[in-house]
Amino acid sequence: MSFAAPPRRGPAGPPAKRRRSPLAITITVLAVLVVALLLLAQFWTEVMWFDALGFANVIWTEWGSRAVLFVLGFLIMGAAVFSSFALAYRSRPVYAPSTPEQATLDQYREAIEPLRKVVTIAAPVLVAFFAGVAASAQWRTVLLAFNGSSFGSKDPQFGIDLGFFVFTLPALRFVVSFLMAVVVISGIAALVTHYLYGGLRLGPVPDGAPRTTKAARVHLAVLAAVLMVVIAANYWLDRYSLLTSSNAKYDGASYSDVHAVIPSKEILTGVAVLVAALFVVAAVRGSWRLPAIGVGLMVVSAIAIGGIYPAVVQRFQVNPNAQVLEAEYIQRNIDATLDAFKLEDVETQPYDATTEAEAGALRDDAETTASVRLLDPQVVSPSFRQLQQNKQYYDFQSNLAVDRYDIDGESRDTVIAVRELNLDGLGDNQRNWVNDHTVFTHGYGVVAAYGNQPGPDGQPAFYEGGIPTQGALTDKGYEPRIYFSPNTTEYSIVGAPEDTEPWELDYQADDEQGGGQVNTTFPTEEHAAGPDIGSFGAKLLYALKFGSEQILFSDRVTSESQILYDRDPQTRVQKVAPWLTVDNRTYPAVVDGRVKWIVDAYTTSDAYPYSSSMPMDEATTDSLTLAAQGVPVETPPEVNYIRNSVKATVDAYDGTVTLYAWEPDDPMLKAWSNVFPASVKPMSEMSGELMSHVRYPEDMFKVQRSLLTQYHVEDAGQFFSGQDFWANPEDPTVGGESPKPLQPPYYMTLQMPGTEDSSFSLTSTFIPGGNTDREILTGYLAADGDAGTTAGEKADGYGKLSLLELPRDSTVPGPGQVQNNFDSNPTISEQLNILERGSSSVVRGNQLTLPVGGGLLYVQPVYIQSSEGTPFPLLRRVLVAFGDQTGYAPTLDEALDQVFGGDSGATAGDAQGGVDTEVPTAPVDGEDPAAPEPTDEPEPTEEPEPTESAPSGDAQAQLDAALQNANQAMQDADAALADGDFAAYGEAQDRLQEALEAAIAAEGELGGN
């Protein structure tokens, strides 16, 4: 049967021309224009955004590298697949044997032939498109490979610089995997075409007849040889990848990997190269026997040498002697992990913590005691909102920030919040396009309160706040308008011609402030906060981008206008530096006359040899991140190397993003700085005021504390046994059954044992690991977060990790035990029950742990809030624990004295009671905050009514009288303790217990009725 092309027909005259419809042409042109405009609205507006921020090189570098990789991937895959199709078709046999198999294929050929050209072009294009997309996604890997540098240290197995594994190896693996896909798909195209057109026969053939034509044999053999070479390269690279593999107990190449798997990979590499040579021989000699034997040998080798042999070595040689044989490789893992996560310089010291609270024990820790933070930033946001929000169109985040400020020459721990724009606070009749996008454009001012002192009636003691702003920070001078903040999600259009009356609202002034509405105009001629949209083209693009025709037609969009969007600080940093991983927390600081959001950013890798791999999102999740509003930031699935290489700031006024090289020696930062030159500024440009507000990064600390649950053990033998592994405790303040989320680390100013000065630190605790439910304290970790005040220079102590290891037989209660002691103490629990009766509820604050007095001190504020009306928490009591001793009093100072024999030896920050708020407070417009009823306690009388006799009357009257007597006894106990009259204090406690018992009995009688 002949497959020659049929003879061409003679010319039959010119074909009749079809007249194209003008309507169809018009519709096509319009459709193309609409699609082009929509694409332009998405892509060119991004260019405008990056250009406005001064990071245009970032978007062009990313898009350029993506485009080059897409084109390369597209061309390589498309050309290879098309060539296979074309070569197989052109080399098809002119005459094919007449067999039943070929007769069946004739039908398929006849059906496919009219579409052959389309298929042989469309199929390669389609496959090439997906290949190009896959290649473009590897732009980071490729750019790192071309710009990577040396780490300055070598791996312990091959003696190669670590930069090869981090920068070069991932790119080589991508190239090999891509080429393997190209060869496989090209081979499939060749097989199908040769089979369809008779170059390859799969059915029965006469004796001595070949199954392939010469052309098909050469084509397929060459492809197979190339595939074997690529597989050999893959085997060879597998040797290096073993150094980042995971094992049951540790990561990195194990004994069996080094002594069995790596040699087997080398053997399989040689076998693959040999088989490739056999395919070349087959292409020349015409016999498939040798390559068939070679492929069989390769399969057997892969099973026997690559699979069975390492398993035998592991089971019969390693497992019986694992502790000895694995010791060297476990030590490699320990050393690499400590280096990759900056844990090699952890200052570990034994801490024989006492559990006996003796009088005067805190005398040497007076500075730490005075700085203990009583204001819980995760609890008091409603108090900030009710007392300092002022306007319904402003709001605060639910999780406030902890920082420190110099007030009157003294560094004070501070809870600080930004008054952000909140359009949801507006009424429905106020919501329209003009108001949403041109009038309500920004927040206003910061609010700050002392961390260690309450204000009047348990309120936060504000030293900065109000509208217009006033207080210690305003006295220093700063720009209060907040155009960029985490909760500002809508776009705003700002700016106006110079002679235009301002329309951007600051606030509605009170009569004593002159009355009327105070407006402003963002000075677009001085600051580029966003892209200019004065031109018709820019208006059109952004109208399409945001689906808002008002942008195109509004008179408030002028030649001076700029559009602000992507206003979340984390989003801005992530966009201008897509190679960084940003921290989950961002915090504000008043710096150099501006409010600036400080964002910690990390360079990470998952290719550091022998280092343990850590799921970053799992390690950074705790009770605060789970309760936080908004979408968590994107983190790498696994990391085994991390550096806080960049400190970023976002100006809350003009949105300027500044990246500072915090760890300039980081090889990954150097590589990315080569990719994006001038994107990162040197640390020397950081001002002293900015340095004073830099703190230790939270997410990195969480990763480090998670690793230290195991890697505080640095001896390979002890690590193998795992008998001294720890765990991070659950948050005891979260209700519900276990498992609860982890307790978050806390920022506070403290002086670690053995040090001379206190510092602003990030702290966490450890408890025993394993399946035990015995929660005692095993360790205490603190990271020095004080970077100093010298411009461009870190303080010597910044970043130092101090680990206190408690004795193995320690009986110091852990956070869970302490919370249980608080909750099970009859006096404390009953008094809290009394405070929670009626229309009030109790809110337990964060449980802080401090290494003072030779032991571990726990401090937990207790807030009371109304359960009706407009609730907000007020600080009413403080819980303290040291060992098994607990204290409970209106102030920390009194509670400490209770625990430490009547005199702790130090003065807490609230020793003088509540301090006056230094700025005015004001409820939100139209709201009247309700204070908790039980907190309106009467002053203690000189002669309290006796409580020895049981209340008389019916059960309800008995209950009311008992509660009144209990309340009075509490007042008397507090007064007696303040006067140092412990006899009177004991007598009041006895009366309190009797009153509580009477109340319980009366309540039981009521329940029985």
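In what follows, the structure referred to is the one given above.
Small disclaimer: the values here were computed from a predicted structure and weren't measured.

Asks: Give a detailed account of the overall build of the protein, specifying residues and quantitative values.
Replies: Across its full length, the protein holds 29 helices and 29 strands. Scored against the burial criterion, the 1009 residues of the protein give a buried share of 53%. Intrachain contacts of the protein at a sequence separation of at least 6 include 71% that bridge at least 24 residues.

Asks: If you had to explain the sheet that holds strand β15 (residues 581-591) to someone new, which residues and values would you point to?
Replies: Strand pairing in a sheet is mediated by backbone hydrogen bonds. Such pairs are either parallel or antiparallel. Here we have five strands laid out as an open sheet, ordered β15-β16-β17-β18-β19, and mixed in their pairing. Here the strands that pair on one side only, and so sit at the sheet edges, are β15 and β19 (680-682). Looking at each pair of strands side by side, their axes are set apart by 35° on average, direction ignored. One ladder, built from three bridges, connects strand β18 (residues 657-661) with β19; its direction is parallel. Considered in β19, the bridge of leucine 659 is made with valine 680. Contacting β15, β16 (594-605), β17 (641-651) and β18, helix α18 (residues 569-576) runs over the sheet at an angle of about 120° to β15.

Asks: Please provide a residue-by-residue account of a negative patch on the surface, values included.
Replies: Judged by side-chain charge, Glu367, Asp408, Glu410, Glu756, Asp757, Asp916 and Glu918 come together as a negatively charged surface patch. Residue placement: glutamate 410 occurs in strand β4 (residues 410-418).

Asks: Go over the packing of aromatic side chains with me, naming the residues and quoting the values.
Replies: For the structure on display, the rule yields 42 aromatic pairs. With centroids separated by 5.2 Å and ring planes inclined at 75°, the aromatic side chains of phenylalanine 164 and tyrosine 240 adopt a geometry described as edge-to-face. Of this pair, phenylalanine 164 sits in helix α6 (residues 162-196) while tyrosine 240 sits in helix α7 (residues 214-241); the two residues are 76 residues apart in sequence, bridging distant segments of the chain. Look at tyrosine 240 and you get buried, because its relative accessible area is 11%. Ring geometry for tryptophan 672 versus phenylalanine 676: centroids 6.1 Å apart, planes at 15°, classification stacked. For phenylalanine 676, a relative accessible area of 1% gives the class buried. Through a chain of ring-to-ring contacts, the aromatic side chains of Phe43, Trp44, Trp60 and Trp63 assemble into a single cluster. Stacked on the ring of tryptophan 236, the Lys or Arg arginine 239 has its end atom at 3.7 Å from the ring centre. Above the plane of the ring of phenylalanine 546 lies lysine 545, whose end atom (NZ or CZ) is 6.0 Å from the centre.

Asks: Describe the nonpolar core, and please don't skip the residues or the numbers.
Replies: Phe341, Trp579, Leu659 and Trp672 are the most contacted members of the largest nonpolar core, which totals 147 residues. Every residue in contact with tryptophan 672, bar those within four places of it in the chain, is listed here: Trp139, Arg140, Leu143, Leu144, Trp579 and Thr603. By size, the runner-up hydrophobic cluster in this structure holds 62 residues, among which are Phe462, Tyr746, Ile828 and Tyr863.

Asks: Help me get a handle on helix α4 (residues 116-136), residues and values and all.
Replies: Over its 21 residues, α4 extends 30 Å from the first C-alpha to the last, a length consistent with the 30 Å expected when each residue adds 1.5 Å. Burial in α4 covers these residues: Arg116, Thr120, Pro124, Ala128, Ala131, Gly132, Ala135 and Ser136. When α4 is viewed along its axis, its buried side chains cluster within an angular range of 140° and face the same direction. Those residues of α4 that are exposed and angled more than 90 degrees off the buried face are Val118, Leu126 and Phe130.

Asks: Tell me about the pattern of salt bridges, and name the residues and values.
Replies: Tallied over the full model, the rule gives 25 salt bridges. For glutamate 46, the salt bridge goes to lysine 575, with nearest N and O atoms at 3.2 Å. Of the two residues, glutamate 46 is situated in helix α1 (residues 22-53) and lysine 575 in helix α18; the sequence distance between them amounts to 529 residues. According to the relative accessible area criterion, glutamate 46 is buried, its value standing at 17%. In this structure, lysine 647 engages aspartate 600 in a salt bridge whose closest nitrogen and oxygen atoms are separated by 2.4 Å. Of the two residues, lysine 647 sits in strand β17 while aspartate 600 sits in strand β16, which places them 47 residues apart along the sequence. Taking relative accessible area as the criterion, lysine 647 reaches 1% and is therefore assigned buried. The buried category is assigned to aspartate 600, whose relative accessible area is 2%. Three or more residues joined by partner-sharing salt bridges are found here, namely Glu46, Asp566 and Lys575.

Asks: So what about the sheet that holds strand β7 (residues 446-454)? Which residues, and what values?
Replies: Read across the open sheet, the five strands follow the order β3-β4-β7-β8-β9; overall the sheet is antiparallel. Two strands lie at the open edges of the sheet, namely β3 (401-407) and β9 (470-471), each paired on one side alone. Relative to the sheet, helix α13 (residues 381-388) contacts β4, β7 and β8 (460-465), its axis offset from that of β8 by approximately 55°.

Cut-offs used in this document
- Residues numbered from 1 in each chain as written.
- Predicted model: local features only at pLDDT ≥ 70, side-chain atom pairs only at ≥ 80, totals over all residues.
- Heavy atoms only, no water.
- Helix = DSSP H or I, 4+ residues; strand = E, 2+ residues; numbered from the N terminus.
- Buried < 20%, exposed > 50% of the residue type's maximum accessible area, 1.4 Å probe, protein only.
- Contact = heavy atoms within 4.5 Å.
- Pairing = 2+ DSSP bridges.
- Axes fitted to C-alpha atoms, helices over the stretch in contact; angles between N-to-C directions.
- Patch = residues over 30% accessible without salt bridge, like charges linked within 9 Å, V, L, I, M, F, W, Y side chains within 5 Å.
- Areas by Shrake-Rupley, 256 points an atom, 1.4 Å probe, with all protein chains shown as cover.
- Salt bridge = Lys/Arg side-chain N within 4 Å of Asp/Glu carboxyl O.
- Lys, Arg positive; Asp, Glu negative; His and termini not counted.
- Charge placed at Lys NZ, Arg CZ, Asp CG, Glu CD.
- Phe/Tyr/Trp six-rings, centres within 6.5 Å; stacked < 30°, edge-to-face > 60°.
- Lys NZ or Arg CZ within 6 Å of the ring centre and 35° of its normal.
- Core = buried A, V, L, I, M, F, W, Y, C linked by side-chain atoms within 4.5 Å.
- Expected span 1.5 Å × (residues − 1).
- Arc of directions from axis to C-beta.

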